[in-house]
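Structural characterization, general
One letter stands for each residue in the lines below.
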Amino acid sequence: MPRNKSGSANGGVIGKTNKTSFGKEFITSTTSTGSTTITTQPGTRLVETLVVAGGGSGGGGNNPEAGGGGGAGGFRTASCISVCGNFPYPITVGAGASGAAGGVRGSDSVAGFSSNPITSTGGGGGRKASGCSSVPGGSGGGGGSASSAQTKGCGNTPPTTPPQGNHGGTGGGGSSGTYASGGGGGAGAVGADFGPGQSGAGGAGTANSITGSSVTYAGGGGGGGACTGGGANDAAPGPGGAGGGGNGGDNNAGSAGQANTGGGGGGSGGTSNGANGGSGIVVVKELNKASGVWSMQSQFQ
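Sequence order sets the numbering: in each chain, residues are counted from 1 along the sequence as written. Local features in a predicted model are, by the rule used here, given only for residues with pLDDT of at least 70; side-chain atom pairs are given and counted only at 80 or more, and totals for whole chains, interfaces and linings are based on all residues. Excluding hydrogens and water, the side-chain values take into account all heavy atoms of the structure.

Salt bridges are identified by distance alone: a Lys or Arg side-chain nitrogen within 4 Å of an Asp or Glu carboxyl oxygen. Going through the model one piece at a time under the given rule, you end up with two salt bridges. K285 serves as the salt-bridge partner of E25, at 3.4 Å between the closest nitrogen and oxygen. You can see E25 sitting in strand β1 (residues 21–30) and its partner K285 sitting in strand β10 (residues 281–289), a full 260 residues away along the chain. Summary of the burial criterion: residues with accessible area below 20% of their type's maximum are buried, those above 50% are exposed, and those between are partly exposed, where the area comes from a 1.4 Å probe applied to protein chains only. In this structure E25 comes out as partly exposed when scored by relative accessible area, which is 34%. By relative accessible area, which is 17% here, K285 ends up buried. R105 is the partner of D108 in a salt bridge, and the nearest nitrogen-oxygen pair spans 3.3 Å. On the basis of relative accessible area, D108 is assigned to the partly exposed category, the value being 28%. Looking at R105, the relative accessible area reads 38%, which means it is partly exposed. The helix count covers DSSP runs of H or I at least four residues long, the strand count covers runs of E at least two residues long, and both are numbered beginning at the N terminus.

Rendered as structure tokens:
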């Protein structure tokens, strides 16, 4: 092959030099909760990753007062992370929070690459009716309902850039005309505030195609509904946000966040605990990247 003046044997191609990686686009999805390791292929030098934490549980109800929806687990992505080939890296998949009287935060998920560790924070729990405050997290939990309007949980806590989640919605109070509750925050949108006759919807999640198919993750849980026997303070339950958020309960606990999406659990619309949050997921894609010309044999051997 002719060489250029600098002595390069790449056919004279001149341009930005990128780190070479023969990862063959290999994808590993870790879905079981807890800690494990993944070992990169020998030729891998660069990866991208998706890290979704466990969703928060919905808040418990105190009929007719409703519990707020659980916040979605934190949602983070990163690309072109430098790694070593044939090397084990620690991975943790966060569990969704178990339903309790007061909403509980989900567990964190971690991709432990030494050059750029990525941690997504568990979703915040929804507020219990007449009880503890909404819990902050990757996305915040929704406010419950009581004798006065209830505060929402803050999302993107601790803060990341870009944000890993959004705030939950505010709950109402019977004295203000409704026992409706707020929805949990999602990765793509805030949880909805309460409204007349309607508890807040969970915030929408965010779509990602790292696995080769578009999947929406990290939807917030819907706020629980309120039933006063047909009175003006009744409120319909809020739906869960796209991306695995559970629906708020209508005189029951509501539905759980979907597994491996980090969806928040639905708030309770009765006297039970709120619904469980959904577990998280960590996906790692080993990249093919190189500058100039490389051997086809190295790509397909």
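Right, let's get into the packing of aromatic side chains. Stacked, edge-to-face and tilted labels apply to pairs of Phe, Tyr and Trp rings (six-membered ring for Trp) whose centres lie within 6.5 Å, assigned for plane angles under 30 degrees, over 60, and everything in between, in that order. This structure, assessed with the given rule, holds three aromatic pairs. The interplanar angle of 40° and the centroid separation of 6.5 Å between the aromatic rings of F75 and Y217 together place this pair among those described as tilted. Note that F75 is positioned in strand β4 (residues 75–82) and Y217 in strand β9 (residues 215–217), a separation of 142 residues in sequence. Neither residue differs from the other here; F75 and Y217 are each classed as buried. Ring plane angle 55° and centroid distance 5.2 Å describe the contact between Y89 and F113, whose orientation is recorded as tilted. Taken together, the residues Y89 in strand β5 (residues 88–93) and F113 in the loop between β6 (109–111) and β7 (118–120) connect sequence positions 24 residues apart. With respect to burial, Y89 and F113 carry one shared label: buried.

We now examine the sheet that holds β7. Across the sheet, four strands lie side by side as β2-β5-β6-β7; this open sheet has antiparallel pairing. Among the strands making up the open sheet, the edge pair consists of β2 (34–39) and β7. Across this sheet, the average inter-strand angle for adjacent strands is 20°, counted without regard to direction. Bridging between β5 and β6 involves two bridges; their strand directions are antiparallel. Counterpart to T92 in the pairing with β6 is V110. Strands are labelled as partners when DSSP assigns at least two bridges between them. Comment: axis = line fitted to C-alpha atoms, over the contacting stretch for helices; angle = value between 0 and 180 degrees taken between N-to-C directions.

Right, let's talk about the nonpolar core for a bit. Buried Ala, Val, Leu, Ile, Met, Phe, Trp, Tyr and Cys residues form a nonpolar core when they are joined through side-chain atoms within 4.5 Å. If you look at the biggest cluster of nonpolar residues, it comprises 14 residues, and the most contacted ones within it are A111, F113, V282 and V284. Those elements that place two or more of their residues in this core are β3 (46–52), β4, β5 and β10. Broken down by element, this core gets its largest block of residues, three residues, from β5. Only heavy atoms matter for contacts: two residues are in contact if any of them lie within 4.5 Å across the pair. Those residues in contact with A111 that sit more than four places away from it in its chain are T49, V51, P90, I91, N116, P117, I118 and V282. Residues L50, V52, F75 and V283 belong to the second largest nonpolar core, which totals 10 residues.

Lining residues are defined by having an atom within 4 Å of a point belonging to a cavity or pocket. Those points lie on a 1 Å grid over the protein atoms alone, cavities being sets where a 1.4 Å probe fits but cannot get out and pockets being open sets with protein on both sides within 12 Å along at least five of seven lines. Grid points are joined across faces, edges and corners, and a volume is the space filled by probe spheres set on the points. Of the volumes computed, that of the largest pocket is approximately 170 Å³. In this structure, the largest pocket is lined by F75, R76, T77, A78, I118, T161, P162, P163, Q164, G165 and A187.

Let's shift gears to the environment of V284. The residue V284 is located in strand β10 in this model. Sequence separation between V284 and T77 is 207 residues, and the spatial gap between their C-alpha atoms is 10.0 Å. Once you skip the residues sitting within four places of it in the chain, V284 turns out to touch F26, I27, T28, I38, V47, E48, T49, I91 and F113.

Another aspect to go through is the environment of G74. For G74, the position within the fold is in the loop between β3 and β4. You can call G74 buried: its relative accessible area is 0%. The spacing of G74 and G165 is 91 residues in sequence and 5.6 Å in space, taken between C-alpha atoms. Among all residues touching G74, those that are not within four sequence positions of it are V51, V52, A53, S120, T121, G123, G138 and Q164.

Moving on: the confidence of the model for the protein chain. The predictor attaches a confidence to each residue, called pLDDT, with possible values from 0 through 100. Summarising the model, the protein chain shows a mean pLDDT of 85, and 81% of its residues fall at 70 or more. In the predicted structure, residues 1–17 sits below a pLDDT of 50 and forms 11 contacts with residues beyond four places in sequence or in another chain.

Turning our eyes to something else, we now look at unusual backbone geometry. In this model, T157 is joined to P158 through a cis peptide bond whose omega is -5°. Omega for the peptide link from T161 to P162 comes to -5°, which places this bond in the cis form. Along the polypeptide, P162 turns up in the loop between β7 and β8 (206–208). Phi at N86 is positive, roughly 55°, even though this residue is not glycine. For N251, which is not glycine, the phi torsion reads 65° and is therefore positive. Locating N251 in the fold gives a position in the loop between β9 and β10.

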